[in-house]
Amino acid sequence: MGTKNAGNRGADNSIHRAKIWEIGFYALNNTSTNIYMMIFMYISYFLTGIVGVGVVLAGSITTIMRMWDGVTDPIIGYIVDKTNTKFGKNRPFIVIGNVILLATSGIIYIVTPHLPQAARFPFYIVMYMLYIIGYTCQCVVTKSAQTCLTNDPAQRPIFAMFDTVYNSLIFALLPVVVTNVLMPRFGGAQAFADPNFFIALWAMLAPVSGLFAVLAIIGLWRKDRLEYYGTGVVVRIRFRDYWEVLKSNRAIQMLVVSASSDKLSMSMRSNSVIYVMMFGIIMGDYSMYGATSAFVTIPTVVFTLILMNFVARKMGQKAALLIGTYGAMISATLCFFLFLFGDPTTYSFTNISFFTVAFVILWLGVSGFSNMSGNIVIPMTADCADYEVYRSGKYVPGLMGTLFSFVDKMISSLAGTFVSLMIAAIGFKTEQPTQDTPYSSGIFWVTMICFIGAPMVGWICNLIAMKFYPLTKEKMAEIQDEIAAIKAKAQAGA
């Protein structure tokens, strides 16, 4: 993943690069916020089992709160674009965001169960709204700081490579810990009804998120300066400028369409209830979820890194998204037919069956290809921000990141509602399915719709959006040359 003269300007002054370790540390900011997403991955069980709300309401509240999350995005983005401090433009928001996340998530899990039943739900709503403000503050940096770290088209995909490794490891380890350590400790299938399960989950993961946030700050330390972003001088940004960007920047428009539809479908696929139904009910053993995640993690990471290196860095980020989408669609289609005509109950690592071998291979294909198409979106937002400098002379990375997140969250917020409505339609109106729930054809088809059908719709939207996305590898080289000229002129004038 090395790049010659990393950390220095290129042969021409249009290119500036980061050191590889700086990119690696900075990528941990996304992992830091994803850890909190994982802490709240089982929130629907907390809401139904401890707060005391119904299944559909739990799903709907998650949707409403993600909409609030989307509302905070442009506000925080505007503040980021207006910020220039001695501590940098981006680093203050990592600190503020992670402190808020630590405090509010701890209060939700520790304090809520001790409140009177009638007070738990409104208390949760207020604390979760504050939690979202912190989440937005830290998340915006994952996208906004991309442009100041490096503008080398061959180096930007390295962020996605690090991001893939980190998040693949974290998302693989969590199911193992939950199913093999925490759940047995708190009563197996009944663990989701025990407040101490959620407290233990928070106490284990929150410090890790804090450590990653500190490392991300260190990674940004050298490059989070005015000379490395925009035109090199402060440009006045007004809130009404955001409408002009939204109206005229075709790149961010198409990236939002692609990523938001993909995020909606992938959020349905990764819903914790869907995995309970697939592994715990259809296959008959929920512990196989953790075992499968652990088994395929390293192969998935290696496969994704190979794809990133040979596609994203050599052919460009748009090509990486397209190839990843096609590969994921083919793998998912074959996976559906495997479930339809195969025998999922034979899935085992002790008695290897055809279903076991085929499912592991197809899981690897879906995960590897979708990781490439999904993770490459983050550095693509930096391309969109550079395109805006090229197009209008305005540097608005906060807008790019939060505009992207706003639409993404507003659409993907529907995932929890869709899953809850489908589960309620097959009879689960007051409680969620567990691994002890008997198998039914309704459970099978809801699982297939969420695990395979919904992602397929998102991938189709990817293909349509990329038809109109203008930023190829060649176009980005042209843009960086033009930005260097704009920067030289602006600095000379200043």
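Computed from a prediction, not measured in an experiment: that's the story for all the values here.

This model, assessed by the stated rule, comprises seven salt bridges. The salt bridge involving Arg17 is made with Asp152; its shortest N-O contact spans 2.7 Å. Here Asp152 lies in the loop between α6 (146–149) and α7 (156–185) and Arg17 lies in the segment before α1 (20–39), a separation of 135 residues in the sequence. Each member of the pair, Arg17 as well as Asp152, carries the same accessibility label: buried. Two residues, Arg156 and Asp383, come together in a salt bridge whose shortest N-O distance is 2.8 Å. Taken together, the residues span a long stretch of sequence, with Arg156 in helix α7 and Asp383 in helix α15 (residues 377–392) at a distance of 227 residues. Each member of the pair, Arg156 together with Asp383, is buried. Connected through salt bridges with shared partners, the residues Arg156, Asp383 and Asp386 form a single ionic network.

Averaged over the protein, the pLDDT score is 84; the fraction of residues at 70 or greater is 91%. Helix α4 (residues 91–111) holds the highest mean pLDDT among the elements of the protein, 95, whereas helix α16 (residues 397–412) holds the lowest, 70. When the criterion is pLDDT under 50, residues 1–7 qualifies, and its contacts beyond four places in sequence or with other chains add up to 23 contacts.

It is worth spelling out the packing of aromatic side chains at this point. Aromatic ring pairs are described here by two measures, namely the spacing of the ring centres and the angle between the planes. A complete count under the given rule lists 41 aromatic pairs for this structure. When the centroid spacing of 6.2 Å and the interplanar angle of 45° are considered together, the rings of Tyr275 and Trp363 count as tilted. On the criterion of sequence distance, the pair formed by Tyr275 in helix α11 (residues 272–282) and Trp363 in helix α14 (residues 354–375) is long-range, its members being 88 residues apart. Of the residues examined, Trp363 reaches a relative accessible area of 8% and is grouped as buried. On the numbers, 5.3 Å between centres and 35° between planes, the contact of Phe279 with Tyr289 is tilted. With Phe279 in helix α11 and Tyr289 in helix α12 (residues 287–315), this pair connects stretches of sequence that are ten residues apart. There is no split in this pair, since Phe279 and Tyr289 are both buried. Taken together, Tyr36, Phe40, Tyr42, Phe46, Tyr109, Tyr124, Tyr128, Tyr131, Tyr135, Phe186, Phe197 and Phe198 form an aromatic cluster joined through their ring pairs. A cation sits over an aromatic face here: Arg91 above Phe87, 4.8 Å from the ring centre. Of note, Lys314 hangs over the ring of Phe310, and the distance from its end group to the ring centre comes to 5.1 Å.

Each value, and the rule that gives it
Residues numbered from 1 in each chain as written. Predicted model: local features only at pLDDT ≥ 70, side-chain atom pairs only at ≥ 80, totals over all residues. Heavy atoms only, no water. Salt bridge = Lys/Arg side-chain N within 4 Å of Asp/Glu carboxyl O. Helix = DSSP H or I, 4+ residues; strand = E, 2+ residues; numbered from the N terminus. Buried < 20%, exposed > 50% of the residue type's maximum accessible area, 1.4 Å probe, protein only. pLDDT = per-residue confidence, 0-100. Contact = heavy atoms within 4.5 Å. Phe/Tyr/Trp six-rings, centres within 6.5 Å; stacked < 30°, edge-to-face > 60°. Lys NZ or Arg CZ within 6 Å of the ring centre and 35° of its normal.

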